[in-house]
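One letter stands for each residue in the lines below.
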Amino acid sequence: MRRSLQLSLFALVLLGLVGGTLAFFLAQKSVSLTVDGQTRDVGTYAGTVAEVLEDEGLTLTAHDVVLPAPDQAVADGDAVVLTRARPLELVVDGVAREVQVTALSVEEALEQLGFRTDGLVVSASRSERLPLEGMRLSITTPKEVVLVADGQERVVTTTAATAGDLLAEQGIALSGTDRTSLRLSQALLNRMRLQVYRVQVSEVTEATPVAHGRVETQDAEAFQGDETVTVPGVDGEQTTTYRVTVVDGVETSRETLSSTVTREPVDEQVTVGTKARPTNSPSADGLNWAALAACESGGRPNAVSGTGKYRGMYQFSQATWNSVGGTGDPAAASADEQTYRAQLLYQRSGAGQWPHCGPRLFN
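Residues numbered from 1 in each chain as written. Predicted model: local features only at pLDDT ≥ 70, side-chain atom pairs only at ≥ 80, totals over all residues. Heavy atoms only, no water.

Colleague: Can you help me understand the overall build of the protein chain in this one?
Modeller: For the protein chain, the helix and strand inventory stands at seven helices and 18 strands. In summary, the protein chain has a C-alpha radius of gyration of 57 Å against a globular reference of 21 Å for 363 residues, an excess of more than 25%. For the protein chain, the spread of C-alpha atoms along the principal axes amounts to about 195 × 40 × 30 Å. Per-residue burial for the protein chain yields a buried fraction of 33% across its 363 residues. Across the protein chain, contacts joining residues at least 24 apart in sequence account for 52% of those joining residues at least 6 apart. Surface exposure of the protein chain reaches about 21,100 Å², of which carbon and sulfur atoms provide 52%. The average position of the 30 basic charges and that of the 45 acidic charges among the side chains of the protein chain differ by 2 Å. (Helix = DSSP H or I, 4+ residues; strand = E, 2+ residues; numbered from the N terminus. Rg over C-alpha atoms; globule rule 2.2 N^0.38 Å. Buried < 20%, exposed > 50% of the residue type's maximum accessible area, 1.4 Å probe, protein only. Contact = heavy atoms within 4.5 Å. Areas by Shrake-Rupley, 256 points an atom, 1.4 Å probe, with all protein chains shown as cover. Lys, Arg positive; Asp, Glu negative; His and termini not counted. Charge placed at Lys NZ, Arg CZ, Asp CG, Glu CD.)

In structure tokens form, the structure reads like this:
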């Protein structure tokens, strides 16, 4: 081949290489790429937004926001904005759920989620940047709670997360036995009612009487109905220890822990007459006992003389009453018994026992 032809062919090849290189550089675009608020210029030969992101090693997820749309063509000088989604474990007043936000800070996340109320308590600083891998964010909203404690009921507005937090906020301390209507770890909701029960548990010892018994011994020499106490009865004593529970000043339960008889009772010993009584009708012996009683006392069984020495219908002295088997106060005995004792006295000593009124027996 002639030298002139070789030079021509070389020139053609060189021209093709230069033209191809020039065309390659002319096809490159400059795109402004903003990722999560950070902007940089990138050179790319990509034809679409999705290709630009892929070239930059950015993979889209379902909740990411990208403008323009991923299938949109890009030209030199275009801007692409990508805001990547962040997962949040959101806990609102103790209730947890998973959400996705494209916010870059806690403050922006609250805006996106619609938490614009004043007084929110948030677990992180509002200016804190949200990491791409997400975070746990707790929010406590203001709520009205009916609080009942120590005899007072009131409505308090609080951002306390739990019942225990509210009691601490209000300066209400609990003893080891106190109870509450809600668990201390229970999350508070609006219009809940939280009541504190002051519980006191103590041991109380009480003494109670143990009734004495009665032992009767028959006495054939005493009349029926006559009784004589030979040994007085004495009640014993029992000591009982209780565990007593008092809630807000009212006793609610009493449990017996122990019970001991600290003093044994002494039985009453009584002799009881079995001998049949003679008739004690005022007219049975033909004497006018009603006339004698009318003379002595006006017929009143409870009559007492001015000196107090003579008592009853027939004005017995205590010694005379006792001598015919009477017990206790003559004026406290029944009319029949007084007449019966008077008949015994008459059988023993005659009408002279009643010097002034004795003759009335014979009227």
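Once you've had a look at it, read on.
Colleague: So what exactly am I meant to see when it comes to the UniProt feature "domain: G5" (unreviewed entry) in the protein chain here?
Modeller: With numbering matched to this structure, UniProt assigns "domain: G5" (unreviewed entry) to residues 196–276. In the segment residues 196–276, helix accounts for 0% and strand for 78%; the C-alpha atoms at its two ends are 73 Å apart. (UniProt positions renumbered as here; feature names shortened; annotations may be inferred.)

Colleague: Can you walk me through the sheet that holds strand β6 (residues 95–101) in this structure?
Modeller: Sheet strands associate in pairs through backbone hydrogen bonding, adopting either a parallel or an antiparallel arrangement. Read from one edge to the other, the open sheet built from four strands follows the order β6-β5-β8-β7, with strand pairing classed as mixed. Edge strands, defined here as strands with exactly one partner in the open sheet, are β6 and β7 (121–122). Pairing between strand β5 (residues 86–92) and strand β8 (residues 135–140): five bridges, direction parallel. Directly across from L88, in β8, lies its bridge partner M135. (Pairing = 2+ DSSP bridges.)

Colleague: So what exactly am I meant to see when it comes to the sheet that holds strand β10 (residues 152–158) here?
Modeller: Reading across the sheet, the four strands line up as β10-β9-β12-β11 and stay open at both edges, with mixed pairing between neighbours. Since the sheet does not close on itself, it has two edges, and those belong to β10 and β11 (179–180), each with one partner. As paired strands, β11 and strand β12 (residues 193–197) are joined by two bridges and run antiparallel to one another. Considered in β12, the bridge of T180 is made with V196.

Colleague: Can you walk me through helix α3 (residues 106–113) in this structure?
Modeller: The periodicity of an α-helix, 3.6 residues per turn, causes residues three or four places apart in sequence to face the same way. Every buried residue of α3 is accounted for by V106, A109 and L110. Buried residues of α3, seen end-on, are gathered within an arc of 100° and therefore sit on one face of the element. The elements touched by buried residues of α3 are β5, β6, β7 and β8. (Arc of directions from axis to C-beta.)

Colleague: I tried to follow the environment of A62 on my own but got confused; where do I start?
Modeller: Structurally, A62 is set in the loop between α2 (49–55) and β3 (65–67). Owing to a relative accessible area of 78%, A62 belongs among the exposed residues under this scheme. For the pair A62 and D78, spaced 16 residues apart in sequence, the C-alpha to C-alpha distance is 24 Å.

Colleague: Please explain the layout of surface pockets as it appears in this structure.
Modeller: Taking a probe equal in size to a water molecule and rolling it over the atoms shows the remaining empty space. In this structure, the largest pocket spans a volume of roughly 200 Å³. Taken together, 14 residues form the lining of the largest pocket, with E296, Y314, Q315, Q353 and W354 sitting closest to its centre. For the lining of the largest pocket, the per-class residue count stands at eight nonpolar, five polar and one charged. (1 Å grid on protein atoms, 1.4 Å probe; cavity = no way out; pocket = protein on both sides within 12 Å on 5 of 7 lines; lining within 4 Å. Points joined across faces, edges and corners; volume = space filled by probe spheres on them. Nonpolar A, V, L, I, M, F, W, Y, C, P; charged D, E, K, R; others polar.)

Colleague: Mind showing me how you'd approach the state of the cysteines here?
Modeller: Among covalent bonds in proteins, the disulfide is the one between the sulfur atoms of two cysteines. Counted according to the given criterion, the structure contains one disulfide. Each sulfur in the disulfide pair C295 and C357 lies 1.9 Å from the other. Taking the sign of the S-S torsion, about -65° here, the bridge from C295 to C357 comes out left-handed. Note that C295 is positioned in helix α5 (residues 289–297) and C357 in the segment after α7 (335–349), a separation of 62 residues in sequence. (Disulfide = S-S within 2.5 Å.)

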